[in-house]
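# Chain and residue survey
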Amino acid sequence: KLIQLGHEVKMGSRNANNEKAVNWAKKNGEKASVGTFSEAAAFGERVFLCIQGIHSIEALTSAGPDNLKGKILIDLSNPYIYENGHIHLDPKYSGTTCLGEEIQKFLPNTKCVKTLNYLGYQLMTNPTKLAEPITGFYCGNDKLAKEAVCQILHDFGWVDTQDLGDISMSRYTEMMGAIWVPLYGQLGTMDWGLKLVKEVKKK
């Protein structure tokens, strides 16, 4: 989607010759390239963290905090552990903290914004696929970074967005994402989203 919008995108992985990443770049033309986590982090003005959450800190260590200094990190990850048909939060990222908070602590010079981690990937850049507008939630500590991410959401087609507050609000979207398990079990699809319906105040 970012390439369709005119951006240059470098996909990072553990090694620069990752087969899936290389095939992705071939399919997406001259604006697509691949590299290591470190090379992608150095390349990007905006960096998307799209990885299994329990490996996020490991991947960010490989990416290099200096490569992310002063940049906006858009965090889509969740610290889920899958067992016996259920998921639960990794204990390291639950209770009085969460993955979003720990990533911000690990990257104190990076502007972390958590968003889109609570719904199926196919809707992240195509929310209008559904019959009604759904709500795009996001949170982070830096006001300007959140405004930039909100603009990206609108570029992706989101018409309804909601700022939840600082990065500690990641605790709730990380928990909220777990609802996909029972809903997928009942519906057999990830083509559904959440809509915030607010009271209309009388004048």
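Here, every reference points to the structure presented above.
The rules behind these values
Residues numbered from 1 in each chain as written. Predicted model: local features only at pLDDT ≥ 70, side-chain atom pairs only at ≥ 80, totals over all residues. Heavy atoms only, no water. Pairing = 2+ DSSP bridges. Helix = DSSP H or I, 4+ residues; strand = E, 2+ residues; numbered from the N terminus. Right-handed = clockwise from strand over helix to strand, strands pointing away. Axes fitted to C-alpha atoms, helices over the stretch in contact; angles between N-to-C directions. Salt bridge = Lys/Arg side-chain N within 4 Å of Asp/Glu carboxyl O. Parallel < 35°, antiparallel > 145°, perpendicular 65-115°, else oblique. Left-handed = near helix turned anticlockwise from the far one by under 90°. Contact = heavy atoms within 4.5 Å. Nonpolar A, V, L, I, M, F, W, Y, C, P; charged D, E, K, R; others polar. Buried < 20%, exposed > 50% of the residue type's maximum accessible area, 1.4 Å probe, protein only.

Strand direction decides the pairing type here: strand β1 (residues 9–13) and strand β2 (residues 32–36), joined by five bridges, are parallel. Note on β2: the bridge partner recorded for Gly 12 is Gly 35. Crossover connection from β1 via helix α1 (residues 19–28) to parallel β2: handedness right-handed.

Take unusual backbone geometry next. You will see that Asn 84, though not glycine, has its phi angle at about 55 degrees, which is positive. Within the fold, Asn 84 resides in the loop between β5 (80–83) and β6 (86–89). A positive phi is found at Leu 116, a non-glycine position, where the angle reads about 60 degrees. Mapped onto the secondary structure, Leu 116 falls in the loop between β7 (111–115) and α5 (121–124).

Before going further, it helps to spend a moment on the sheet that holds strand β9 (residues 160–163). What the five strands build is an open sheet, ordered β3-β4-β7-β8-β9; its pairing is mixed. The strands lining the two open edges of the sheet, one partner per strand, are β3 (46–49) and β9. Averaged over all pairs of adjacent strands, the angle between their axes in this sheet comes to 25 degrees, without regard to strand direction. Bridging between strand β4 (residues 72–75) and β7 involves four bridges; their strand directions are parallel. Residue pairing in the sheet places Ile 72 in a bridge with Lys 111 of β7.

Opposite charge on two side chains allows them to pair when their charged atoms are near. Per the counting criterion, the structure on display carries nine salt bridges. Lys 105 is the partner of Glu 102 in a salt bridge, and the nearest nitrogen-oxygen pair spans 3.1 Å. With a gap of three residues between them, Glu 102 and Lys 105 both fall in helix α4 (residues 99–106), about one helical turn apart. For the salt bridge of Lys 114 with Glu 174, the shortest nitrogen-to-oxygen distance reads 2.9 Å. Placement of the pair is Lys 114 in strand β7 and Glu 174 in helix α7 (residues 170–176), with a sequence separation of 60 residues. It is possible to trace a salt-bridge network through shared partners that takes in Asp 75, Lys 114 and Glu 174.

Now for the packing of helix α3 (residues 56–63) against α4. Close contact between α3 and α4 brings their axes to 11 Å; oriented N to C, the two are set at 25 degrees. Taken together, the axes of α3 and α4 lie roughly parallel to each other. Our pair here, α3 against α4, has a crossing hand that is right-handed. Of α4, the residues touching α3 (which contributes Ser 56, Ile 57, Leu 60 and Thr 61) are Leu 99, Glu 102, Ile 103 and Phe 106. Looking at side-chain class alone, the contact of α3 with α4 contains five nonpolar, two polar and one charged residues.

Alternating residues of β3 divide into Val 47 and Leu 49, all buried, and Arg 46 and Phe 48, none buried. Where β3 and β4 come together, four bridges link them in parallel fashion. From the neighbouring strand, Arg 46 faces β4, where its bridge partner is Ile 72. At this point the chain moves from β3, through α3, to the parallel β4, and the crossover so formed is right-handed.

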